[in-house]
Amino acid sequence: MADYDYDLFVIGAGSGGVRASRVAAAHGAKVAIAEEYRVGGTCVIRGCVPKKLLVYGAHFAEDLKDARRFGWNVPDCDFDWAVLRDNVLAEVDRLNGAYTHTLDNHGVEIVHERATVSGPHEVTLASGKTITAGKILIAVGARPAVPNCPGSEHGITSNEVFHLDALPKRVLIAGAGYIANEFAGIFNEFGSKVTLINRSDVILRGYDEQIRDRLLQISMTKGIDFRFHAEFRGIEKQADGSLKVSMTNHEPLEVDLVLFATGRVPNTEGLGLAEAGVELDAKGAIVVGADNRSSVDSIYAVGDVTNRVQLTPVAIREGQAFADTVFGNKPTIVDYSCIPAAVFSHPPIAGVGLTEGQAKQKYGSVRVYTSDFRAMKNVLANRNERALYKMVCEADSGKVLGLHMIGPDAPEILQAAAIAVKAGLTKADFDQTVALHPSMAEELVLMK
Ligand code: NDP
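Residues numbered from 1 in each chain as written. Predicted model: local features only at pLDDT ≥ 70, side-chain atom pairs only at ≥ 80, totals over all residues. Heavy atoms only, no water.

Enquirer: I keep staring at the pattern of salt bridges and nothing clicks. Help me out?
Expert: Where charged atoms of side chains with opposite charge meet at close range, the side chains can pair. The tally for this structure, following the rule as stated, stands at 27 salt bridges. Ionic pairing is found between K360 and E356, a salt bridge with its closest N-O pair at 2.8 Å. Here K360 and its partner E356 are both found in helix α8 (residues 356–363), four residues apart, which amounts to about one turn of the helix. Members of the salt-bridge network, linked through shared partners, are E62, D66, K222, R383 and E385. (Salt bridge = Lys/Arg side-chain N within 4 Å of Asp/Glu carboxyl O. Helix = DSSP H or I, 4+ residues; strand = E, 2+ residues; numbered from the N terminus.)

The structure is reproduced here in structure tokens:
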């Protein structure tokens, strides 16, 4: 390795790349990391973090209303989008600084340029400089996919949504996955009229059906419109600046903002990978083995660019495993079983393990336990919104195969319960634990 400029050159300073480079450096490697935009990546700069802060901001709409039932004389309140937006963006700046600081502290050199692969051990920077490295790690993530339709340039994606000058009165969100449902909740709470359109009639594919249905029903009650089997025909900008969206099977709709939330594609275009012999799949994702190594021995990849599980904590684990394996003499394989996930909709959804449908497919018969309840706070607030917890168990052993929830704070509650599911505990183990009363989480040990 001594013949190379660096032991490791990482392309992309998001969650996976930053973790890999700082751990590799801590193991003694000479590391550089290239980032063409801002250190921190999708999660920190234009994803999970600013989104969660908007979710908190949006929730005040309901909290302020509910507070009156709890005795607070809350006057009619205005919402100032610019204040929240600027505070959120300032927090993003702070985190961007913290990530940069972490890399500096670990002696990782940051190259603020686009880098492309020009050989198994060589990268070329936008400035034309070439750099050699013993190993190259690709951690460039993914970017929003925009449907190909006339006028699609008038829509925005999650990249731009955090920077809006003003709150739109009417929003059309395309897609019915994570981003669509999260932003439907956010805009709806802020007072925008939200219509969500999707090409199929399934929202949040992959989540448990009963839980998805509950979200759909609650979202509709809150005033969000859904249009299914609707594929984009085109977007026309009107003289007054509004957007006329035409779609299959439905009347055209006039809105002020179109947000595309129709999945993400790996950022491998123009990166020199295919030329260097790195195998890509049909979606352009880098094909890697369990050790994160690509078809070229010296080139590895972690995170969304590999299109395995598109979640930040997974990318971080992959980055850590790569660095420990390659530079720490500690071979590590990421365990992808029982990964908890959440949708920060209003109310949020969280789940771990198999859905009822998946479990039935795999095991034939399963036992399902549910608790369908109204949180105490919602009862006093006169908020007719029910939570649903669902446990899917192996029929004979009672082992919990999956746990799925929708309701206030579901992600906070599920993270703790996911430990028990991952540990292979049974329904009986849950039931042996005395309920913590009064709480919502106690329903986990009281399911029928
Ligand atoms: P998702 O994969 O969650 O959902 C994509 C949606 O777009 C689906 O409803 C899908 O429809 C629809 N769709 C896909 N392709 C097209 C197309 N060509 N034309 C029209 N509609 C289309 O994607 P998101 O963009 O919401 O999120 C991307 C990823 O980011 C997620 O998969 C997730 O891994 C991650 N993420 C995680 C979050 C979290 O952990 N809370 C939050 C946000 C993002 P159909 O299902 O009918 O095929």
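Enquirer: Can you walk me through the side chain of E442 in this structure?
Expert: Along the chain, E442 turns up in the segment after α11 (427–432). For E442, which is buried and forms no salt bridge, the nearest opposite charge comes from K448, at a distance of 10 Å. Not counting residues within four places of it along the chain, the set of residues in contact with E442 comprises A435, L436 and H437. (Buried < 20%, exposed > 50% of the residue type's maximum accessible area, 1.4 Å probe, protein only. Lys, Arg positive; Asp, Glu negative; His and termini not counted. Contact = heavy atoms within 4.5 Å.)

Enquirer: I would appreciate a short explanation of the environment of V171 in the present structure.
Expert: Structurally, V171 is set in strand β8 (residues 170–174). Filtering out sequence-adjacent residues up to four positions away, V171 remains in contact with F187, S192, K193, V194, T195, V255 and L257.

Enquirer: Before we go on, may I ask you to explain the side chain of S219 in this structure?
Expert: Looking at the element boundaries, S219 is found in helix α6 (residues 209–221). For S219, a relative accessible area of 5% puts it in the buried group. Excluding anything up to four places from it in sequence, S219 contacts I224 and F226.

Enquirer: Help me out: how do you make sense of a nonpolar patch on the surface in this one?
Expert: On the surface, a cluster of nonpolar side chains totalling about 340 Å² of accessible area is made up of F70, W72 and L380. Within the element layout of this structure, L380 appears in helix α9 (residues 376–380). What makes L380 partly exposed here is its relative accessible area of 40%. (Patch = residues over 30% accessible without salt bridge, like charges linked within 9 Å, V, L, I, M, F, W, Y side chains within 5 Å. Areas by Shrake-Rupley, 256 points an atom, 1.4 Å probe, with all protein chains shown as cover.)

Enquirer: Quick question: what am I supposed to make of the UniProt feature "binding site: FAD" (unreviewed entry) in the chain here?
Expert: The UniProt record annotates "binding site: FAD" (unreviewed entry) at K52 and D304. With respect to the helices and strands, K52 occurs in helix α3 (residues 48–67). Here K52 falls in the partly exposed class, since its relative accessible area comes to 22%. Among residues more than four places away in sequence, those in contact with K52 are F344 and E412. With respect to the helices, strands and loops of the structure, D304 is situated in the loop between β16 (299–301) and α7 (312–327). Excluding residues within four positions of it along the chain, D304 makes contact with G141, A142, R264, V309, Q310 and L311. (UniProt positions renumbered as here; feature names shortened; annotations may be inferred.)

Enquirer: Explanation requested: the state of the cysteines in the structure shown.
Expert: Joining two cysteines, a disulfide is a covalent bond between their sulfur atoms. Summed over all chains, the structure comprises zero disulfides. With no disulfide of its own, C393 has C338 as its nearest cysteine by sulfur position, at a separation of 12 Å. Residue classification places C393 among the buried positions, given a relative accessible area of 0%. (Disulfide = S-S within 2.5 Å.)

Enquirer: How do you make sense of α6 when you look at a structure like this?
Expert: Along an α-helix, residues three or four positions apart point the same way, because every turn accommodates 3.6 residues. With 13 residues, α6 extends 18 Å between its outermost C-alpha atoms, agreeing within 8% with the 18 Å of an ideal straight helix rising 1.5 Å per residue. I211, R212, R214, L215, L216, I218 and S219 are the residues of α6 that are buried. Looking at the buried side of α6, the elements it contacts are α5 (178–190), β10 (225–227), β18 (349–353), β19 (366–374), β20 (386–394) and β21 (400–406). A distance of 3.2 Å separates the backbone nitrogen of Q210 from a side-chain oxygen at the start of α6, and that oxygen is part of D208. (Expected span 1.5 Å × (residues − 1). Polar contact = N/O pair within 3.5 Å; in protein donor to acceptor, adjacent residues only side chain to side chain.)

Enquirer: When you look at the site of the ligand in this model, what are you seeing that I'm missing?
Expert: The full set close to the ligand counts 19 residues, and A176, I179, S200, Q310 and A342 are the nearest of them. One nitrogen or oxygen atom from the main chain of A176 is found 2.8 Å from an oxygen atom belonging to the ligand. In this structure, an oxygen atom belonging to the ligand sits 2.9 Å away from a main-chain N or O atom of G263. By residue number, the principal contributor to the shell around the ligand is α5, which donates three residues. Its residues assigned to classes, the shell around the ligand shows seven nonpolar, seven polar and five charged. (Near = heavy atom within 4 Å. Nonpolar A, V, L, I, M, F, W, Y, C, P; charged D, E, K, R; others polar.)

Enquirer: What am I meant to see in the packing of aromatic side chains here?
Expert: The description of an aromatic ring pair rests on the distance of the ring centres and on the angle between the ring planes. Scanning the entire structure with this criterion turns up eleven aromatic pairs. Aromatic side chains F373 and Y389 sit 5.0 Å apart centroid to centroid with 90° between the ring planes, which places their arrangement in the edge-to-face category. Of this pair, F373 sits in strand β19 while Y389 sits in strand β20, placing them 16 residues apart in sequence. In textbook terms, an aromatic cluster arises when at least three aromatic residues are bridged by ring pairs, as seen for F79, W81 and F190. The positively charged end of K30 is found above the aromatic ring belonging to Y6, 4.9 Å away from the centroid. The residue whose ring lies beneath K427 is Y369, and the NZ or CZ to ring-centre distance is 4.8 Å. (Phe/Tyr/Trp six-rings, centres within 6.5 Å; stacked < 30°, edge-to-face > 60°. Lys NZ or Arg CZ within 6 Å of the ring centre and 35° of its normal.)

Enquirer: I would appreciate a short explanation of the pairing of β21 in the present structure.
Expert: Counting buried residues along β21, seven of its seven residues qualify, which places the element largely inside the surrounding structure. Note that β18 and β21 share five bridges and pair antiparallel. Across the sheet, residue I349 finds its bridge partner in β21, namely I406. Here β20 pairs with β21 via six bridges, running antiparallel. Paired with L388 across the two strands is I406, which belongs to β21. As consecutive antiparallel partners, β20 and β21 are separated by five residues, and within that stretch G398 has a phi angle of approximately 80°, a positive value. (Pairing = 2+ DSSP bridges.)

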